Amino acid sequence: MSEAVKYSVRDGVAVIEMNNPPVNGLGSVLRPGIMDGLNKAAADPAVKALVIMGTLKAFSGGADIREFNTPKSTMSPTLHEIIVVQDGFPKPIVAAIGGFALGGGLELALACHYRVAAPKTQLGLPEVKLGLLPGAGGTQRLPRVVGATEALKMMTTGNAVSAEKGKELGLIEEVVQGDLLEGAIAFAKKLVAEGKGPRRVRDLTVKVDGDPQAFFAAARADLEKSARGFPAPLQILGCVEAAATLPFDEGRAEERRRFQILVEGSESKALRHMFFAERQTTKIPDVPEDTPVRKLDKAAMIGAGTMGGGITMSFVNAGIPVTLVDTSQESLDKGLATIRKNYSNTVSKGRLKQEDMDKRMAMITPSLDLNAVKDADIVIEAVFEKMDIKQELFGKLDAIAKPGAILATNTSTLDINVIAAATKRPGDVIGLHFFSPANVMRLLEVVRGAKTAKDVLATAMALGKKLKKVPVVSGVCDGFIGNRMMEKYGIQAWYLLDEGATPQQIDAAMKKFGLAMGPFTMYDMAGLDVGFYVRKRRVAERPDYAYSRIVDRVCEAGRFGQKTGKGWYRYEAGDRTPRPDPEFDKILADYRKEIGVTPRQISDEEIVERLIYAMVNEAAKILEEGIALRASDIDTVYMTGYGFPHYRGGPMFYADTVGLPKVLAAVEKFHQGYQGGQWKPAPLLVKLAKEGKGFNG
Ligand code: T1G
């Protein structure tokens, strides 16, 4: 038996203990040991019952996702083969669940005859979050235990239930308050004493609320609306319907058929890529995982505006008190009122208790005095995006903040190294680029300055996770990772207007591609004023900075988006719906005449290629320059901060899926066009395309 599985016998009860860190993934390491234990327990006449257990932290996190689409996933014994042995087992099997039983882990437990769990254990079938369905009998057994309604809810949301809820649902027999293994063995011995043998879940029937035909028709209609193009939820529904209408083995065959469709599909591969990508971002080659992190018990926020307020909320939500500093009482009051309103909205939706809101508000200490930051372990600024203002502030913070305090800037474009140079402690300076709304968006770009100390970087990454963000390391460049790519995306959108497209056509094409919203709707929502200012700076720094001036024409007409009631679109008072605007059409027509361009028909395909491949080409440069540590970090940036469709896995994964030779051919075609150098293929793209490789290895 492998050391990942321990087998023992106590008072006639065999115990199989799985110990394959970090999550007892049911991969090719663990499965043989489980099968050996089953065979031993079945063959030993002294054994009257069997307990299967993991560790207190993890019963099992399910099948090993890394093995899918590889020979390992079908290496015998498979999870399916183990479960068949459980089904035919002649003695009662008890699952002793601690920590979590998820996916194949819960399916293993469901193939046991009884289940006990420690308090607070999480029980779930989250496969849908990977674009899959429970493929080891879960879609057939769970409905037999909790009924069709609860089973559908658990499997189509992927949300786990607690042990206590599991007991209510009949998913487990007992919540063991004391030692889990002792409790499970006692439960097994009691079964034997009472002469209770195996009780196979597969022999139960599925309870359906009301008429089955009507039930499943209604469920299908609901899922067709909510699934938004994802295939897994409807495949799960098909399996539950089979569980309710077919003999077990036929239902199981239906489940395997539908699972195979999903596991080979691009959506699931993209979602599995994202699962691992999000967990790779904290792995920094030259910063060991055990690098000591600094204490972060108190924070200070400079700037009570939109970003400062959102960042403050992120900290107090994580239990870190914040001293909120601004230059005027009016700004402070406004900032606190916005925070209070945001929390009140959450309370009114029942997602936050009033007492918790009050606790969080009490953790915010407003101040007009910069010296109030002197005890903070970390000071973050979100003041006006001007270098001289930031430098002056950092000079002051350097003198006030205590030794060892981290000084962070929320700048979205300015050079961290220049800001750090305004202090005597550049090692303590780092960029924490939050995305608006900062209390909601998961992405946090952690910008590493040339002199940022390794422990400061490690501390910032740990802080990101504590704030329930996805921290991604970026090097220093204009726009870091996300905005630098987004700039190329926007430039192509503007050029396409010159050439004959409209904002609504481009937005529609990008929404059809899967983005949460198109570029022009997004720019109107974010506001065109910041970009107007940033472009002026860029043109001053780089006179050859090329872009269509249509965007400046719009700004010069005072059209800055929703905040001015018009931008690329017009807006009715109190209504955020973007509406085509004849006034804009005239600005565009005049501009086309000014540059002598006759508008042409442009296909959606060209729109998507121009916008996405412009980003991919820039991303290849970001990778080459070491601004991003890996391609999957860039994918993570786009999926957690820019509304990139998860089922496409991010821009780099999408490019790999299209095939880099095809991407390169398109980039080279655009390079021959009037934009010329802007489309010069990145050397890394050329190299990988020629080698037949992808960005994600
Ligand atoms: N397979 C492979 N690796 C996994 C894994 C899994 N199922 N779950 C976690 N890991 C790795 C993860 O990549 C990370 O690796 C480390 O474990 C710690 O993860 C047949 C088809 C279990 C709640 O969807 O939800 O069963 O970065 O940081 O915060 O029907 O991991 O250290 O190298 O997330 O304590 C279904 C997925 C699979 C559960 C633990 N199961 N995992 O959270 O740790 S498909 C899931 C999680 C399946 C069957 C179907 C969480 C967790 P590294 P972590 P955590």
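Residues numbered from 1 in each chain as written. Predicted model: local features only at pLDDT ≥ 70, side-chain atom pairs only at ≥ 80, totals over all residues. Heavy atoms only, no water.

**A closer look at the packing of helix H11 (residues 266-280) against helix H25 (residues 631-641)**
- It is the contact of H11 with H25, at a shortest axis distance of 9 Å, that shows an interaxial angle of 105°. Judged on the interaxial angle alone, H25 and H11 are roughly perpendicular. The residues of H25 that touch H11, namely those facing His 273, Met 274, Ala 277, Glu 278 and Gln 280, are Ser 632, Asp 633, Asp 635, Thr 636, Met 639 and Thr 640.
- Here the contact of H11 with H25 is built from residues that sort into three nonpolar, five polar and three charged. (Axes fitted to C-alpha atoms, helices over the stretch in contact; angles between N-to-C directions. Helix = DSSP H or I, 4+ residues; strand = E, 2+ residues; numbered from the N terminus. Parallel < 35°, antiparallel > 145°, perpendicular 65-115°, else oblique. Contact = heavy atoms within 4.5 Å. Nonpolar A, V, L, I, M, F, W, Y, C, P; charged D, E, K, R; others polar.)

**Things to note about the packing of aromatic side chains**
- According to the stated counting rule, one finds 19 aromatic pairs in the structure shown.
- Pairing Phe 532 with Phe 560 gives two aromatic rings, centres 6.1 Å apart and planes at 45°, and the pair type is tilted. Of this pair, Phe 532 sits in helix H21 (residues 529-541) while Phe 560 sits in the loop between helix H22 (550-556) and helix H23 (582-595), placing them 28 residues apart in sequence.
- Taken together through their ring pairs, the aromatic side chains of Phe 435, Phe 513, Tyr 638, Tyr 642, Phe 644 and Tyr 654 make up a single cluster.
- In this arrangement the basic side chain of Lys 536 is found over the ring face of Phe 532, its NZ or CZ atom lying 4.1 Å from the centre.
- Note that Arg 549 overlies the ring of Tyr 547, its terminal NZ or CZ placed 3.9 Å from the centroid. (Phe/Tyr/Trp six-rings, centres within 6.5 Å; stacked < 30°, edge-to-face > 60°. Lys NZ or Arg CZ within 6 Å of the ring centre and 35° of its normal.)

**Quick word on the domain arrangement of the chain**
- Taken as a whole, the chain is organised into domain 1 (5-262), domain 2 (299-474) and domain 3 (482-691).
- Summarising the inter-unit geometry, the C-alpha centres of domain 1 and domain 3 are found 47 Å apart. (Domains from an automatic or database assignment.)

**Focus: the pairing of strand E14 (residues 406-409)**
- By the alternation rule, side chains of E14 split into Ile 406 and Ala 408 and Leu 407 and Thr 409, which are all buried.
- Pairing of strand E13 (residues 378-381) with E14, which is carried by four bridges, proceeds in the parallel orientation. Paired with Ile 378 across the bridge in E14 is Ile 406.
- With respect to chirality, the unit in which E13 leads through helix H15 (residues 387-400) into the neighbouring parallel E14 is right-handed. (Buried < 20%, exposed > 50% of the residue type's maximum accessible area, 1.4 Å probe, protein only. Pairing = 2+ DSSP bridges. Right-handed = clockwise from strand over helix to strand, strands pointing away.)

**Considering the site of the ligand**
- In the vicinity of the ligand, 26 residues are found, and the nearest of them are Ala 63, Gly 104, Glu 107, Gly 135 and Arg 279.
- Note that a nitrogen atom of the ligand is positioned 2.8 Å from one of the backbone N or O atoms of Gly 61.
- Between Gly 135 and the ligand, the recorded distance is 2.7 Å, taken from a backbone N or O atom to an oxygen atom.
- Coverage of the ligand by the protein amounts to 76% of the 990 Å² it exposes when considered alone.
- The set of elements that each furnish at least two residues to the shell around the ligand consists of strand E5 (100-102), helix H3 (104-110) and H11.
- Among the elements that make up the shell around the ligand, the one with the highest residue count is H11 (three residues). (Near = heavy atom within 4 Å. Polar contact = N/O pair within 3.5 Å; in protein donor to acceptor, adjacent residues only side chain to side chain. Areas by Shrake-Rupley, 256 points an atom, 1.4 Å probe, with all protein chains shown as cover.)

**Regarding the packing of helix H8 (residues 212-226) against helix H9 (residues 232-245)**
- Remark: H8 packs on H9, axes separated minimally by 10 Å, with the N-to-C direction vectors making an angle of 170°. In terms of their interaxial angle, H8 and H9 are classed as roughly antiparallel. In contact with Phe 216, Ala 219, Arg 220, Leu 223 and Glu 224 of H8, H9 contributes Pro 233, Leu 234, Leu 237, Gly 238, Val 240, Glu 241 and Ala 244.

**Some thoughts on the sheet that holds strand E16 (residues 443-447)**
- Overall, mixed pairing links the eight strands, which are arranged E12-E11-E10-E13-E14-E15-E16-E17 in an open sheet. Strands with a single pairing partner mark the edges of an open sheet, and in this sheet they are strand E12 (364-367) and strand E17 (470-474). Shown here is a sheet whose adjacent strand axes are inclined to one another by a mean of 25°, direction ignored.
- Pairing geometry for strand E15 (residues 429-434) and E16, over four bridges, is antiparallel. When the sheet's bridge partners are listed, Gly 431 is paired in E16 with Val 447.

**Some thoughts on a positive patch on the surface**
- A surface patch of like charges, here positive, comprises Arg 66, Arg 279, Lys 283 and Lys 465.
- Here Lys 465 lies in helix H17 (residues 454-466).
- Taking the relative accessible area as the measure of exposure, Lys 465 reaches 55% and is therefore exposed. (Patch = residues over 30% accessible without salt bridge, like charges linked within 9 Å, V, L, I, M, F, W, Y side chains within 5 Å. Salt bridge = Lys/Arg side-chain N within 4 Å of Asp/Glu carboxyl O. Lys, Arg positive; Asp, Glu negative; His and termini not counted. Charge placed at Lys NZ, Arg CZ, Asp CG, Glu CD.)

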